[in-house]
Amino acid sequence: MNSISTLLGQGRRAVDLICDTDSFKENVVGEKSFDDPTFGPGAIVGTAQLEGADVTIVANDGEAMNEKFPVVYAGVIGMEEAYKMAQAVYASIKADKEKPVAEKRPLILIVDTPGNGPGKLEEIFGMNKATGAYQLALAEARIVGHPVLAVVVGRAISGAFVCHGMHADQILALDAKFGTMIHVMPITSISRITNLDIEMLEELAKGNPVFAPGPTYYHRLGGVEEIIPSIEEMRPLVIKHVAEIRERKERGEYDTLGPWGRGHLGAERGGRVVWPKVVAMVQEQVDAVADKYMPGAA
């Protein structure tokens, strides 16, 4: 593994490195089988083992192309891919419906995507519904007790990362030296849209991680729980964080996980200094009108 310089575009290899040897069974999750190879080929889904226990894998395939939608290639999440990912999550929930939190299978999201594929056809058919369905599925999986862990091994860009990654309980990311990228858009694009000088934005990025790309800045924002320093440490850290998420859920500490937990973490790290103030202001306003709109809630 010392010879691996990057996992960009290598979602399948990342699955093999994280899971037990030769344990990944593609296109089978619980009772659900994905029998049509032409449906969402850019999404890798299936069941693997992690220390002998079942886990659901949802990953990007950087080498696949969806011939029905020409903008969906190289890891792009298209409409079919998003629906396929959502189906894998719901199949996991169904499979473990009767199990206690301590026994619900983890969902491991392998993230390497340059964005969504909003071509004309996808927009007409409902691209937003597909990505929304995937986000809702992950939220439901978190709520019922499945540990959901995202591992950024390549690109985590824009709206694709919002649906495939940011709804996890926790997010890990390979160090930037492996080519890992996390951002809504590069500083050059921000410059073009805002007409602000690149030099000015680069200076702003030094003090405000919102403007800057990369796992280090996102770590400061609380978005990344921990940066993975080497390929060898990827599997052990995945095992560690799955166990941590499960333990917190068994204790009922759901607010320390997911998007809400990342807000608190960012505040603690100094990357989201305004977040707690905004939350407090909104809560104050909600409390002021709670009796009117939500009788008995106050």
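Just above sits the structure.
Residues numbered from 1 in each chain as written. Predicted model: local features only at pLDDT ≥ 70, side-chain atom pairs only at ≥ 80, totals over all residues. Heavy atoms only, no water.

Across its full length, the protein chain holds 11 helices and 10 strands. In terms of overall dimensions, the protein chain is globule-like: its C-alpha atoms have a radius of gyration of 19 Å, near the 19 Å expected for 298 residues. Across its three principal directions, the C-alpha atoms of the protein chain cover 50 × 50 × 45 Å. The proportion of buried residues among the 298 residues of the protein chain is 48%. Counting contacts in the protein chain only where the partners sit at least 6 residues apart, residues at least 24 apart contribute 70% of the total. Accessible surface for the protein chain amounts to roughly 14,400 Å². Of this, 56% is attributable to carbon and sulfur atoms. Both charge centroids of the protein chain, one from 30 positive and one from 40 negative side chains, sit 2 Å from each other. (Helix = DSSP H or I, 4+ residues; strand = E, 2+ residues; numbered from the N terminus. Rg over C-alpha atoms; globule rule 2.2 N^0.38 Å. Buried < 20%, exposed > 50% of the residue type's maximum accessible area, 1.4 Å probe, protein only. Contact = heavy atoms within 4.5 Å. Areas by Shrake-Rupley, 256 points an atom, 1.4 Å probe, with all protein chains shown as cover. Lys, Arg positive; Asp, Glu negative; His and termini not counted. Charge placed at Lys NZ, Arg CZ, Asp CG, Glu CD.)

Here we take up the packing of aromatic side chains. Within this structure, the stated rule accounts for 2 aromatic pairs. Seen from their ring centres, Trp 260 and Trp 275 are 5.3 Å apart, and the 65° between their planes marks the pair as edge-to-face. Of this pair, Trp 260 sits in helix α10 (residues 258-268) while Trp 275 sits in helix α11 (residues 275-293), placing them 15 residues apart in sequence. For the cation-ring pair, Lys 32 lies above Phe 34, with the distance from its terminal atom to the ring centre recorded as 5.3 Å. (Phe/Tyr/Trp six-rings, centres within 6.5 Å; stacked < 30°, edge-to-face > 60°. Lys NZ or Arg CZ within 6 Å of the ring centre and 35° of its normal.)

Inspection of the entire model under this criterion finds 13 salt bridges. Here Arg 105 ties to Asp 96 by a salt bridge, and the two come within 3.0 Å at their closest N and O atoms. Arg 105 gets classed as buried once you look at its relative accessible area, which sits at 8%. With relative accessibility at 0%, the residue Asp 96 sits in the buried group. A cluster of three or more residues bridged by salt bridges with shared partners is formed by Arg 12, Glu 26 and Asp 61. (Salt bridge = Lys/Arg side-chain N within 4 Å of Asp/Glu carboxyl O.)

Before going further, it helps to spend a moment on a nonpolar patch on the surface. Residues Val 273, Val 274, Val 278, Val 282, Val 286, Val 289, Tyr 293 and Met 294 make up a contiguous nonpolar surface patch of about 700 Å² in total accessible area. Relative to the helices and strands, Val 274 resides in the loop between α10 and α11. You can call Val 274 partly exposed: its relative accessible area is 48%. (Patch = residues over 30% accessible without salt bridge, like charges linked within 9 Å, V, L, I, M, F, W, Y side chains within 5 Å.)

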